[in-house]
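Summary of structural features
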Amino acid sequence: MVAVPGRRDRHPVPDLRVPPRWRLIDRSAPTRRYEDAVARYFEAWNAGPDALAKAVAAAWTNDGGYTDPLADVRGHEQIAALIAAAHEQFPGFVFRLSGSVDGHHDTARFSWELVSEADGSAPAAGSDVVTLDGEDRIRSVFGFLDRVPAGA
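Now for a description of the structure that goes with this document. Small disclaimer: the values here were computed from a predicted structure and weren't measured.

All right, on to the overall build of the chain then. Along the backbone of the chain there are three helices and six strands. Reading the chain from its N terminus to its C terminus gives the helix and strand order α-α-β-β-α-β-β-β-β. Across the 152 residues of the chain, 34% fall into the buried class. In the chain, 43% of the contacts between residues at least 6 apart in sequence involve partners at least 24 apart. As presented, the chain carries roughly 10000 Å² of accessible surface, and 55% of it is formed by carbon and sulfur atoms.

Okay, here's the thing in structure tokens:
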């Protein structure tokens, strides 16, 4: 409680100062942890057939998962199959980061677009939240679709 000069009632005013552990973290110091994990994520989503398994293994933990409104898969093999199916459905498209990556503790969030290499159109877009392990590999992805092409 804080003493208020000139006030002598029986109900002291609570101390509303922010405790040191609750002060905002200095975000001016750049961190590459989240950006690097998300870069590996996009490398996997944009990998060709020959590099796909290796890219998935570099980005995800062995038991890692991917969940969005259209899919719920676990493990490298299922994640690679999901990515391969996306390439089959959208040939000539690549996934790219839209905006910046934001993260704290073991969690990061970011937005993405599915972009045509031919004309730059982006028929699909969304936002993902990823959790990382101690080696900054993805344990889980929770995807949200903001824009989906007709028929998808």
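Let's pick the thread back up.
Extensive coverage of strand β5 (residues 124–132) is indicated by the burial of seven of its nine residues. The pairing of β5 with strand β6 (residues 138–147) spans eight bridges and is antiparallel. Looking at the pairing, alanine 125 lines up with arginine 147 of β6. Where β5 hands over to β6, the hairpin turn is made up of five residues, of which aspartate 136 adopts a positive phi near 65°.

Let us look at the packing of aromatic side chains. Taken as a whole, this structure holds nine aromatic pairs when the rule is applied. Here a set of aromatic residues connected by ring pairs shows up, and it is made of Tyr41, Phe42, Trp45, Trp60, Tyr66, Phe95, Phe110 and Trp112.

What follows deals with the sheet that holds β5. Spatial ordering of the open sheet is given by β2-β1-β6-β5-β4-β3, a layout of six strands whose pairing is mixed. Of all strands in the sheet, those bounded by a partner on one side alone are β2 (71–74) and β3 (93–104). Each strand axis lies, on average, 20° off the axis of its neighbour in the sheet, ignoring direction. Pairing between strand β1 (residues 60–68) and β2: four bridges, direction antiparallel. When the sheet's bridge partners are listed, glycine 65 is paired in β2 with arginine 74. Contacts from helix α2 (residues 52–59) reach β1 and β6 within the one sheet, and its direction differs from that of β1 by about 95°. Across the sheet, helix α3 (residues 75–89) lies against β1 and β2, angled at about 45° from β1, the strand it touches most.

Mapped onto the secondary structure, phenylalanine 90 falls in the loop between α3 and β3. Spatially, the C-alpha atoms of phenylalanine 90 and leucine 114 are 8.8 Å apart, while their sequence positions differ by 24 residues. Not counting residues up to four positions away in its chain, the partners in contact with phenylalanine 90 are Leu114 and Pro149.

As for its placement among the helices and strands, alanine 58 is situated in helix α2. Spatially, the C-alpha atom of alanine 58 lies 9.8 Å from that of histidine 76, the residues being 18 residues apart in sequence. Dropping the residues within four chain positions of it, alanine 58 is found in contact with Arg40 and Arg137.

Ranked by internal contacts, the top residues of the largest apolar core, which has 31 residues, are Tyr41, Trp45, Val56, Trp60, Ile83 and Phe110. Where this core is concerned, the elements lending two or more residues are α1 (33–45), α2, β1, α3, β3, β4 (107–116), β5 and β6. Looking at this core element by element, the count peaks at seven residues for α1. Setting aside chain neighbours within four positions, we find phenylalanine 110 in contact with Val38, Tyr41, Phe42, Leu97, Ser100, Val101, Gly126, Ser127, Asp128 and Val130.

So, on to the pairing of β4. Counted residue by residue, β4 has seven buried out of 10 residues, so it is predominantly covered. Hairpin connection, β3 to β4: the antiparallel pair is bridged by two residues, and histidine 105 has positive phi, about 50°. Of the pairings in the sheet, the one linking β4 to β5 comprises eight bridges and is antiparallel in character. Paired with phenylalanine 110 across the bridge in β5 is aspartate 128.

Definitions and cut-offs
Residues numbered from 1 in each chain as written. Predicted model: local features only at pLDDT ≥ 70, side-chain atom pairs only at ≥ 80, totals over all residues. Heavy atoms only, no water. Helix = DSSP H or I, 4+ residues; strand = E, 2+ residues; numbered from the N terminus. Buried < 20%, exposed > 50% of the residue type's maximum accessible area, 1.4 Å probe, protein only. Contact = heavy atoms within 4.5 Å. Areas by Shrake-Rupley, 256 points an atom, 1.4 Å probe, with all protein chains shown as cover. Pairing = 2+ DSSP bridges. Phe/Tyr/Trp six-rings, centres within 6.5 Å; stacked < 30°, edge-to-face > 60°. Axes fitted to C-alpha atoms, helices over the stretch in contact; angles between N-to-C directions. Core = buried A, V, L, I, M, F, W, Y, C linked by side-chain atoms within 4.5 Å.

By themselves, these are just geometric observations and shouldn't be taken as functional.
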